[in-house]
Amino acid sequence: MASSPRLAWNRAKFLGAAQDAAAWPRPQGAEVALAGRSNVGKSSLLNALAGNSRLARVSKAPGCTRGLLFFQVSPGLTLVDLPGYGFARRSKAERDSWREGIEEYIEGRPNLRLILVVLDARLGPTELDRDLLEYLAHRQVPSLAVLGKADQLQPSRRRTHLESLGKLFPQGHPSKEHPRDLFVLSSKTGEGVVALRARLEALAGS
Ligand code: GDP
């Protein structure tokens, strides 16, 4: 199945960016949102999924993107890039408004099916990532962890490192309804991209 995608990923298009819910596109099909700390590689992941290096601007100024970015893969599937978190130079007021913004989306979006929590495979979940994972588990929002930048792992330590990271995920909030799957991925080499596309295609139109 993974080798014959149903969706024309390379036709994914940018629908728009908006912070206020009133300006978000009308819900259509299934939505999958990408969350993660700024600079973790969410834009690169969107580009890798679409096979289009220009789809999402790969920002050189971390933390500069405001609002939610909506990308339509097909009428049945939209990907949403949530604002990145974790920039110390932001004020508390800004961090609070970031949190309210994503909570409004996560708790109110009727067609949200899955959150991809994008992590750096080298570091594993940081404190802010853990806060987000806890919050998603608490709200029973299906989530899936993407261990990105896997090309940066040292080959000799890769297996044991990934095994130990994998053990982190079932702990805390194991739940049959919301399994916390892991995808090991590199937007640079393309590792894991086809498998993740297949996983997202299974949600399209649901
Ligand atoms: P965002 O802020 O989460 O959207 O992150 P970006 O996609 O802009 O990526 C931040 C930086 O990480 C850029 O310099 C990217 O080239 C780099 N990057 C993203 N994905 C990968 C990857 O899979 N492997 C490597 N080595 N670098 C990556």
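My aim in this report is to walk through the structure given alongside it, one point at a time.

Conventions and cut-offs
- Residues numbered from 1 in each chain as written.
- Predicted model: local features only at pLDDT ≥ 70, side-chain atom pairs only at ≥ 80, totals over all residues.
- Heavy atoms only, no water.
- Salt bridge = Lys/Arg side-chain N within 4 Å of Asp/Glu carboxyl O.
- Helix = DSSP H or I, 4+ residues; strand = E, 2+ residues; numbered from the N terminus.
- Buried < 20%, exposed > 50% of the residue type's maximum accessible area, 1.4 Å probe, protein only.
- Pairing = 2+ DSSP bridges.
- Axes fitted to C-alpha atoms, helices over the stretch in contact; angles between N-to-C directions.
- Near = heavy atom within 4 Å.
- Polar contact = N/O pair within 3.5 Å; in protein donor to acceptor, adjacent residues only side chain to side chain.
- Areas by Shrake-Rupley, 256 points an atom, 1.4 Å probe, with all protein chains shown as cover.
- Nonpolar A, V, L, I, M, F, W, Y, C, P; charged D, E, K, R; others polar.
- Expected span 1.5 Å × (residues − 1).
- Arc of directions from axis to C-beta.
- Contact = heavy atoms within 4.5 Å.

1. As for the pattern of salt bridges
Here comes step 1: One pass over the full model with this rule turns up eight salt bridges.
Here comes step 2: For Glu 31, the salt bridge goes to Arg 109, with nearest N and O atoms at 2.7 Å. Residue Glu 31 is found in strand β2 (residues 30-36), and its partner Arg 109 is found in the loop between α2 (92-108) and β5 (112-120); the two are separated by 78 residues along the sequence.
Here comes step 3: Classification of Glu 31 by relative accessible area gives buried; the value is 1%.
Here comes step 4: Assessed through its relative accessible area of 8%, Arg 109 is described here as buried.
Here comes step 5: Among the ionic pairs, Arg 122 bridges to Asp 120, the shortest N-O distance being 2.9 Å.
Here comes step 6: The partly exposed category is assigned to Arg 122, whose relative accessible area is 35%.
Here comes step 7: By relative accessible area, Asp 120 is classed as buried at 4%.

2. Re the sheet that holds β2
Here comes step 1: With mixed pairing, seven strands are arranged side by side in an open sheet as β1-β3-β4-β2-β5-β6-β7. Among the strands making up the open sheet, the edge pair consists of β1 (13-18) and β7 (181-184). Averaged over all adjacent pairs, the angle separating strand axes in this sheet is 25°, with direction ignored.
Here comes step 2: As judged from the six bridges shared by β5 and strand β6 (residues 143-148), these two strands associate in the parallel manner. Paired with Leu 116 across the strands is Leu 144, a residue of β6.

3. Considerations on the site of the ligand
Here comes step 1: Residues in contact with the ligand amount to 15 residues; listed here are only the nearest, Asn 39, Lys 42, Ser 43, Ser 44 and Asp 151.
Here comes step 2: A distance of 2.9 Å separates an oxygen atom of the ligand from a polar side-chain atom of Lys 149.
Here comes step 3: Relative to its unbound accessible area of 570 Å², the ligand is 80% covered by the protein chains.
Here comes step 4: Classifying every residue of the shell around the ligand gives two nonpolar, nine polar and four charged.

4. Thoughts on helix α3 (residues 127-138)
Here comes step 1: End to end, α3 covers 16 Å across twelve residues, agreeing with the expected 16 Å (1.5 Å per residue, within 8%).
Here comes step 2: Where α3 is concerned, the buried positions are Asp 129, Leu 132, Leu 133, Tyr 135 and Leu 136. The buried residues of α3 occupy an angular sector of 160° when projected down its axis, which confines them to one face. Exposed side chains of α3 directed beyond 90 degrees from the buried face belong to Glu 127 and His 138.
Here comes step 3: Lining the buried residues of α3 we find β2, α2, β5 and β6.
Here comes step 4: Just downstream of α3, Gln 140 is the residue with a positive phi angle, here 55°.

5. Notes on the side chain of His 161
Here comes step 1: Its location among the elements puts His 161 in helix α4 (residues 158-168).
Here comes step 2: A relative accessible area of 15% places His 161 in the buried class.
Here comes step 3: Discounting chain neighbours no more than four positions away, the residues touching His 161 are Ala 121, Arg 122 and Leu 153.

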